[in-house]
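Reading the structure
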Amino acid sequence: ELNRVVLSAERAYDRVSGALNFVLPTKVPLVMFAPSGPMPQDQVVAYANSDQVAPPQPHRSRIVLPLPEGDAQLDALIVHELTHLLAGEIVMPGKGGDGGVPRWVKEGVANYMVGLWTDDAERLMRELVASGNVPALSQLTGTGGFANARLNDALGHAAFDYIESRWGPASIRRF
C-alpha cells in the first residue's frame, strides 16, 4: 500500500498547501495503520496520540490514520487531516493547541478542502434550513449547542463554500 499512500499524500499536500498558500517548514511523519475491523474514532485518536506512535508533544508532530480501502476515501482523509495540520501551523506556528479556533472553523475548513459534501452533511443542512433555525456563525461555540455535533461542522463547510464563492479561493487563507 506504500505507493498508494505516498501518491495520495503528495497530491493532498500539493492541493492543501497550494490552496492555503503555505509551505510547511518541517517534515511531518505520516503513519498509516491497517485497522483490525471497524475502529471507533475514539480508538483511532487514542492510538494516534499514544507514545507507541510518536512523542506526545508537540501535538502536530505526526499524522496517524487508519488505512481505508478505497483511493477516494484515502485522498479525502489525508486532505482533511493535512488541512488541520497546515491551518494549525498558520494560526499557531510551532506551537501546540488550536489557538482557541472554534470547531466550526477547524472542521469547516477541513471539510471544505476535501471538497465533497457527505449525504449526512447535506441532509443535516437541509433539515436546519427547513426548520428556519440557522444560527449566526458568531453564535457557534464548541459543538454549537446541537444534539449532533456534525451539524456544526456542516455549517462551517457551508461558510467556507460561501467565503470562496463571494471573495475567491485566496480568501480562505486571508480568513
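A few points on the structure. All residue numbers refer to positions counted from 1 along the written sequence of the respective chain. Predicted model: local features are reported for residues with pLDDT of at least 70 only, side-chain atom pairs are reported and counted for 80 or more only, and whole-chain, interface and lining totals are derived from all residues. Only hydrogens and water are removed before side-chain values are computed, so all heavy atoms of the structure are retained for them.

Think of it this way: any DSSP run of H or I at least four residues long counts as a helix, any run of E at least two long counts as a strand, and we number them from the N terminus. A count of helices and strands for the protein chain gives 7 helices and 2 strands. Counting from the amino terminus, the protein chain carries its helices and strands in the arrangement α-β-α-β-α-α-α-α-α. To sort residues, take the accessible area from a 1.4 Å probe on protein chains only and compare it with the maximum for the residue type: under 20% means buried, over 50% means exposed, and anything in between is partly exposed. Burial status across the protein chain gives 36% buried among its 175 residues. Throughout, the Shrake-Rupley method with a 1.4 Å probe supplies accessible areas, and for residues the shown protein chains are the sole cover considered. Total accessible area on the protein chain is roughly 10,300 Å²; 56% of this is exposed by carbon and sulfur atoms.

Below, the discussion takes up the packing of helix H3 (residues 71-91) against helix H4 (residues 103-114). The axes of two packed helices give the description: the angle between them and the distance between them. The axes are straight lines fitted to the C-alpha atoms, using for helices just the contacting stretch, and the angles between their N-to-C directions are given from 0 to 180°. Packing of H3 against H4 brings their axes to within 8 Å, and their N-to-C directions diverge by 140°. Our classification of the angle between H3 and H4 gives oblique. The crossing of H3 and H4 is right-handed. Residues Ala 76, Val 79, His 80, Thr 83 and His 84 of H3 lie in contact with H4, whose contacting residues are Lys 106, Glu 107, Val 109, Ala 110, Asn 111, Met 113 and Val 114. By the convention adopted, Pro, Cys, Tyr, Trp, Phe, Met, Ile, Leu, Val and Ala count as nonpolar, Lys, Arg, Asp and Glu as charged, and the other residues, Gly among them, as polar. In the contact of H3 with H4, the residues fall into 6 nonpolar, 4 polar and 2 charged. Any angle that is under 35 degrees is reported as roughly parallel, and any over 145 degrees as roughly antiparallel; angles of 65 to 115 degrees are reported as roughly perpendicular and all others as oblique. Each helix crossing is assigned a hand: it is left-handed if the near helix lies turned anticlockwise from the far helix by less than a right angle, otherwise right-handed if that turn is clockwise. The criterion used for residue contact is that any of the two residues' heavy atoms lie within 4.5 Å.

A few words now on the layout of surface pockets. Estimated volume of the second largest pocket: approximately 340 Å³. Lining of the second largest pocket is provided by 16 residues; of these, Ala 9, Glu 10, Tyr 13, Val 28 and Leu 30 occupy positions nearest its centre. Counting only elements with at least two residues in the lining of the second largest pocket, the list comes to helix H1 (2-20), strand S1 (30-33) and H3. The biggest single contributor to the lining of the second largest pocket is H1, with 6 residues. Grid spacing is 1 Å over the protein atoms alone, the probe is 1.4 Å, and a cavity is where that probe fits but cannot get out, while a pocket is an open set with protein on both sides within 12 Å along at least five of seven lines and lining residues have an atom within 4 Å of a point. Grid points are joined across faces, edges and corners, and a volume is the space filled by probe spheres set on the points.

On to the environment of His 157, then. In this structure, His 157 sits in helix H6 (residues 149-167). Here the alpha-carbon distance between His 157 and Glu 107, two residues 50 residues apart in the chain, equals 7.4 Å. Those residues in contact with His 157 that lie beyond four places of it in its chain are Gly 108, Asn 111, Tyr 112, Leu 116 and Trp 117.

All right, on to the packing of aromatic side chains then. By convention, a stacked pair of Phe, Tyr or Trp rings (six-membered ring in the case of Trp) has centres within 6.5 Å and planes under 30 degrees apart, an edge-to-face pair has planes over 60 apart, and any other such pair is tilted. Across all of its chains, the model carries 5 aromatic pairs by this definition. With a centroid separation of 6.2 Å and an interplanar angle of 40°, the aromatic rings of Tyr 112 and Phe 160 are classed as tilted. Here Tyr 112 is found in helix H4, whereas its partner Phe 160 is found in helix H6, with 48 residues between them in sequence. Under the relative-accessibility criterion, Phe 160 is labelled buried at 1%.

As a further point, take the packing of helix H5 (residues 119-131) against H6. Put simply, H5 and H6 touch, their axes get as near as 9 Å, and they point 90° apart. Comparing the axis directions of H5 and H6 gives the class roughly perpendicular. The residues of H6 that touch H5, namely those facing Ala 121, Leu 124, Met 125 and Leu 128, are Arg 150, Leu 151, Ala 154, Leu 155 and Ala 158. Split by residue class, the contact of H5 with H6 holds 8 nonpolar, no polar and 1 charged.

As a further point, take unusual backbone geometry. The phi dihedral of Asn 21 is positive, around 50°, even though this residue is not glycine. Following the sequence through the fold, Asn 21 ends up in the loop between H1 and S1.

Another aspect to go through is the nonpolar core. Think of a nonpolar core as a cluster: buried Ala, Val, Leu, Ile, Met, Phe, Trp, Tyr and Cys residues, connected wherever their side-chain atoms sit within 4.5 Å. Within the largest apolar cluster, 35 residues are counted, with the highest numbers of intra-cluster contacts made by Val 16, Leu 82, Leu 86, Phe 160 and Ile 172. For this core, the secondary structure elements donating two or more residues are H1, strand S2 (63-66), H3, H4, H5 and H6. Sequence-distant contacts of Leu 86, defined by excluding residues within four places in its chain, comprise Tyr 13, Val 16, Ser 17, Leu 20, Phe 22 and Leu 24.

What follows deals with H4. Take the number of residues in a helix, subtract one, and multiply by 1.5 Å to get its expected span. With 12 residues, H4 ought to run about 16 Å at 1.5 Å a step, and its terminal C-alpha atoms sit 16 Å apart, in line with that. The element H4 is largely enclosed, with a buried count of 9 among its 12 residues. Among the residues making up H4, those that are buried are Trp 104, Val 105, Glu 107, Gly 108, Val 109, Ala 110, Tyr 112, Met 113 and Val 114. Where H4 is buried, its residues touch H1, H3, H6 and helix H7 (170-174). Positive phi appears at Gly 115, one or two residues downstream of H4, with a value of about 90°.

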